[in-house]
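What follows is the residue order along each chain.
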Amino acid sequence: MLNKPFNISKLTLFTIDDLLIQFMSGLKNDLLLRTLRGEQTERIPVWMMRQAGRYLPEYRALREKYGFFERVQNPSLATEITIQPVDLVGVDAAILFSDILVVPQAMGLEVQLIESKGPVLPDPIKTQEDLKRIRVPDVHETLQYVFDAIKLTKQELNGRVPLIGFAGAPWTILCYMVQGKGSKTFDEAKAFCYTQPELAHQLLQMITDTTIAYLKAQVKAGVDTVQIFDSWGGLLSKDDFENISLKYIRQIVHALKDETLVIIFAKGAWHSLQSMTETGAQGLGIDWCIEPQTARNFAGPNISLQGNFDPAKLLSPIPVIQKEVKQMLTSFGKGRYIANLGHGILPNVPVDHARAFVDTVKTFNL
Ligand code: CP3
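Residues numbered from 1 in each chain as written. Predicted model: local features only at pLDDT ≥ 70, side-chain atom pairs only at ≥ 80, totals over all residues. Heavy atoms only, no water.

It is worth spelling out the overall build of the protein chain at this point. Helix and strand content of the protein chain: 17 helices and eleven strands. A compact globule built from 366 residues should have a C-alpha radius of gyration of about 21 Å, and the protein chain, at 20 Å, falls within 12% of that. Seen through its principal axes, the protein chain has C-alpha atoms that stretch 70 × 45 × 40 Å. Burial statistics for the protein chain: of 366 residues in total, 55% are counted as buried. Sequence separation of 24 or more characterises 71% of the internal contacts of the protein chain that already satisfy a separation of 6 or more. If you sum the accessible surface of the protein chain, you get close to 15,900 Å²; carbon and sulfur atoms cover 53% of it. (Helix = DSSP H or I, 4+ residues; strand = E, 2+ residues; numbered from the N terminus. Rg over C-alpha atoms; globule rule 2.2 N^0.38 Å. Buried < 20%, exposed > 50% of the residue type's maximum accessible area, 1.4 Å probe, protein only. Contact = heavy atoms within 4.5 Å. Areas by Shrake-Rupley, 256 points an atom, 1.4 Å probe, with all protein chains shown as cover.)

On to the side chain of Thr-153, then. Considering the arrangement of structural elements, one finds Thr-153 in helix H9 (residues 144–157). With relative accessibility at 0%, the residue Thr-153 sits in the buried group. At 2.6 Å, the side chain of Thr-153 forms a polar contact with the backbone oxygen of Ala-149. Leaving out residues up to four positions away in the same chain, Thr-153 has contacts with Thr-79, Thr-82, Ile-83, Leu-96 and Leu-163. (Polar contact = N/O pair within 3.5 Å; in protein donor to acceptor, adjacent residues only side chain to side chain.)

Right, let's talk about the nonpolar core for a bit. Membership of the largest hydrophobic core comes to 127 residues, with the highest contact counts inside it found for Met-48, Leu-174, Leu-203 and Phe-357. The element that contributes the greatest number of residues to this core is helix H12 (residues 197–221), accounting for twelve residues. Setting aside residues up to four positions removed in sequence, Leu-203 forms contacts with Ile-125, Leu-131, Ile-134, Leu-174, Met-177, Val-178 and Phe-192. (Core = buried A, V, L, I, M, F, W, Y, C linked by side-chain atoms within 4.5 Å.)

In this section: the site of the ligand. What surrounds the ligand is a group of 22 residues, the closest being Arg-50, Arg-54, Tyr-59, Arg-63 and Ser-231. Arg-50 is positioned with one of its side-chain polar atoms (N or O) 2.6 Å from an oxygen atom of the ligand. In isolation the ligand exposes 850 Å². Once the protein is present, 89% of that is buried. Class assignment of the residues belonging to the shell around the ligand gives a composition of twelve nonpolar, five polar and five charged. (Near = heavy atom within 4 Å. Nonpolar A, V, L, I, M, F, W, Y, C, P; charged D, E, K, R; others polar.)

Any aromatic ring pair is given by two values, namely how distant the centres are and how the planes are angled relative to each other. The final tally for this structure, using the stated rule, is eleven aromatic pairs. When the centroid spacing of 6.1 Å and the interplanar angle of 55° are considered together, the rings of Phe-147 and Tyr-214 count as tilted. Here Tyr-214 lies in helix H12 and Phe-147 lies in helix H9, a separation of 67 residues in the sequence. Of the two residues examined, Phe-147 and Tyr-214, each falls in the buried class. The structure contains a cluster of three or more aromatic residues connected by ring pairs, namely Tyr-59, Phe-68, Phe-69 and Phe-97. (Phe/Tyr/Trp six-rings, centres within 6.5 Å; stacked < 30°, edge-to-face > 60°.)

We now examine the packing of helix H10 (residues 170–179) against helix H11 (residues 187–195). Orientation of H10 relative to H11, taken along the N-to-C sense of each, is 105°, at an axis distance of 8 Å. When the axes of H10 and H11 are compared, the pair comes out roughly perpendicular. Only Asp-187, Glu-188, Ala-189, Lys-190, Phe-192 and Cys-193 of H11 make contact with H10, whose side of the interface consists of Trp-171, Leu-174, Cys-175, Val-178 and Gln-179. A breakdown of the residues in the contact of H10 with H11 according to their chemical character gives seven nonpolar, one polar and three charged. (Axes fitted to C-alpha atoms, helices over the stretch in contact; angles between N-to-C directions. Parallel < 35°, antiparallel > 145°, perpendicular 65-115°, else oblique.)

This next bit is on unusual backbone geometry. Backbone phi values are negative for most residues with the exception of glycine, while trans is the configuration of most peptide bonds. With an omega dihedral of -15°, the bond running from Gly-307 to Asn-308 counts as a cis peptide bond. Checked against the element boundaries, Asn-308 lands in strand E10 (residues 304–309). Phi angles above zero are rare outside glycine, and Ser-116 is one such case at about 65°. Among the structural elements, Ser-116 can be located in the loop between strand E4 (112–114) and strand E5 (118–120). In this structure, Asn-158 is a non-glycine residue whose phi angle is positive, near 50°. Within the secondary structure, Asn-158 is located in the loop between H9 and strand E6 (163–168). Judged by relative accessible area, Asn-158 falls into the exposed class, the value being 54%.

Within the element layout of this structure, Asp-224 appears in the loop between H12 and strand E7 (225–230). Side chain to side chain, Asp-224 and Lys-154 meet in a polar contact 2.9 Å long. In this structure, Asp-224 is in contact with Leu-27, Leu-33, Lys-154, Pro-162, Leu-163, Thr-260 and Leu-261, ignoring residues within four places of it in sequence.

And the structure:
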């Protein structure tokens, strides 16, 4: 009788088990974590990649006053920005406001963020000689501000929702370290891997070692789960993805498997969903170019899928968003599913459209 669901609020059904688990984890809303563990939940959890960002006027106000890395390196600003979408849009998880490019910075490369141009690394890695300029750093010496921001964010969240930590996948980080800027093709980064494979693998291993230490320290500081962003994984063929990207992601997942839950998001790398599942990760992000059922067939039943709303569709009128979101939720079906976009939210999305996305998930009954 005790385990019959009962109503606490109008919206939520809890069982005594749920309440006990939530009490033990110190989280009032742990839908995301339970979904990653494959447990049943009262409803589908929802968050948005790049949810802490330019579509929010409150973010843009801070942007007027402080430079990008100033915001990233100041724990109280990073905390404020991290929590904005929780307060303003009602997402079920916070993701730390930071950037994947703090890793090359900590390894010794200069990284600038230039308005309307994106990231610029003025002295990229091209030769064996260049490798001498970088190192696998002590993450506590170079990235302590991230761990301080995590501790402060956890305090300020006060158990409202879980906090997601993150890092770039080694291949995606190599893209920026070698190309020196954003690119549609990352042709120089690819050429580097194809013409100087030994050097490329040396660099990938250095990034991997740094990332493992970095993510372990994020977990120690308090993040509840981590996501590995391989934004440029889809630029590689299946074989190259295995050799240049997945091999290193696998090392990261193995190193973290006893410490936290891991989500891998390799945009466009649909061909490797099965291999990614076999790493032992608990979650797999997918973009909008693969259908939910196809992704499920590739991934099998034992991993949570996350995605895959086309971010540009958030520019549609709200009734269209609501209809399309419901269609997406129905296609993914019940269980082992986290609602999200298929890539980061665009800066020109109206806040009420983002809220419509989140609210449609939160009120949806399968
Ligand atoms: O998700 C979140 O809200 C947390 C914060 C976060 C940022 N970057 C903040 C940011 C996360 C998770 C990232 C990850 C990131 N950074 C990725 C992987 C995810 C993806 O979108 O593919 C990549 C490739 C980067 C590198 C990067 N940083 C680029 C290409 C740019 C410029 C273009 C852009 O999208 O704005 C950034 C800058 C950046 N990182 C901004 C934010 C909020 C915009 C900075 C500003 O102009 O205020």
